[in-house]
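Commentary on secondary and tertiary structure
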Amino acid sequence: MPLTVVPTPIGNLEDITLRGLRALRNADIIACEDTRRTRILCTRYVLKKPLISYHEHNERGRTEQILQRLREGQKVALVSDAGTPGISDPGAVLIGAVIAEGLPLEILPGATALIPGLLYSGLSSRPFLFAGFLSDKASQRKKELEKLEPLEATLLFYLSPHKALPHLADMEALLGNRSAALIREISKIHEEVLRSSLGELRRLAEAEPFRGELVLAVEGKVREESSPDLWRQRAEKLLQEGASPKDIVREIAEEYGIPKNAIKSLLFSQEKS
């Protein structure tokens, strides 16, 4: 029987899928990051299944126990506290072991904070790169950011609220004061989107620490053009042809990789002249 990886809601319990519920109901046992958190979901949907812990501190040892259950034909469902196991959550070690041993594996689609965070940001999604959590060690974090600095892709990070300030400060210093968006408590009552710049987000964190689960989207490095006026000429031409500012911003940002704020500034100056 397969190991079934089941994404769980990141906030609103209604975000569990019907297929995910069926997988949990059919499982012989559920391996979960925190049995207390998973029990809340099980109680909500009347899922009376045995739970075993599977988290970052025991996943190496627990993996062999789960593999043995799978070899014996048991159905094992794997969940994390929220979102998809293996994505900045425990699960990658077990998934890799299942694949290496040639055992059946089933990955269900479902809730994740990553994609809503990207879409809420308004930044380009073509391409984007998920960087997850940066290192807590300042020296290692600097190395990670230096590798990301030249990339033109929108960068997506997960942030811990009590570590947000030093991480934002390092991003501003090493990536520059790029456009950014902080998305807080996705799918929950206090969901909030702050679209600004890394510098302004850092100042907000200094004034009052952020709370809740955080996704940070950061604009990719703007590529240098052989002709820096090329995108401006294109934008002005679209404006003369009667295109709406919103459509112009979208098209220029996608075609030339120019920050949307820079395009809006150009259009505003054209309207005033």
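First, a word on what this report is: a plain description of the structure on this page. (Residues numbered from 1 in each chain as written. Predicted model: local features only at pLDDT ≥ 70, side-chain atom pairs only at ≥ 80, totals over all residues. Heavy atoms only, no water.)

Section: the overall build of the protein
Along the backbone of the protein there are eleven helices and ten strands. In terms of overall dimensions, the protein has a C-alpha envelope of 75 × 40 × 35 Å along the principal axes. Evaluated residue by residue, the protein yields a buried proportion of 42% over its 273 residues. With an accessible surface of roughly 14,600 Å², the protein has 51% of that area assigned to carbon and sulfur atoms. (Helix = DSSP H or I, 4+ residues; strand = E, 2+ residues; numbered from the N terminus. Buried < 20%, exposed > 50% of the residue type's maximum accessible area, 1.4 Å probe, protein only. Areas by Shrake-Rupley, 256 points an atom, 1.4 Å probe, with all protein chains shown as cover.)

Some remarks on the side chain of Gln-74
With respect to the secondary-structure elements, Gln-74 resides in the loop between helix H3 (59-71) and strand S4 (76-79). A polar side-chain atom of Gln-74 sits 2.9 Å from a polar atom in the side chain of Arg-69. At a separation of 3.4 Å, a polar atom in the side chain of Gln-74 contacts the side chain of Glu-72. The residues contacting Gln-74, other than those within four sequence positions of it, are Met-1, Pro-2, Asp-28 and Arg-69. (Polar contact = N/O pair within 3.5 Å; in protein donor to acceptor, adjacent residues only side chain to side chain. Contact = heavy atoms within 4.5 Å.)

A short note on unusual backbone geometry
Excluding glycine, residues mostly carry a negative phi; peptide bonds, for their part, are mostly trans. Pro-127 follows Arg-126 through a cis peptide bond whose omega is -5 degrees. In this structure, Pro-127 sits in the loop between helix H5 (114-121) and strand S6 (128-132). Unlike most non-glycine residues, Ser-88 shows phi in positive territory, near 55 degrees. Positionally, Ser-88 belongs in the loop between S4 and helix H4 (92-101). The exposure class assigned to Ser-88 is partly exposed, which follows from its relative accessible area of 31%. Located in the positive-phi region is Ser-187, a residue other than glycine, with phi close to 75 degrees. Assignment of secondary structure puts Ser-187 in the loop between strand S8 (179-184) and strand S9 (192-197).

Some points on the pattern of salt bridges
Counted according to the given criterion, the structure contains 16 salt bridges. Between Arg-141 and Asp-170 there is a salt bridge, and its shortest N-O distance comes to 2.8 Å. One end of the pair, Arg-141, is in helix H6 (residues 138-148); the other, Asp-170, is in helix H7 (residues 164-175), and 29 residues separate them in sequence. One salt-bridge network, in which partners are shared between bridges, spans Glu-64, Arg-71 and Glu-101. (Salt bridge = Lys/Arg side-chain N within 4 Å of Asp/Glu carboxyl O.)

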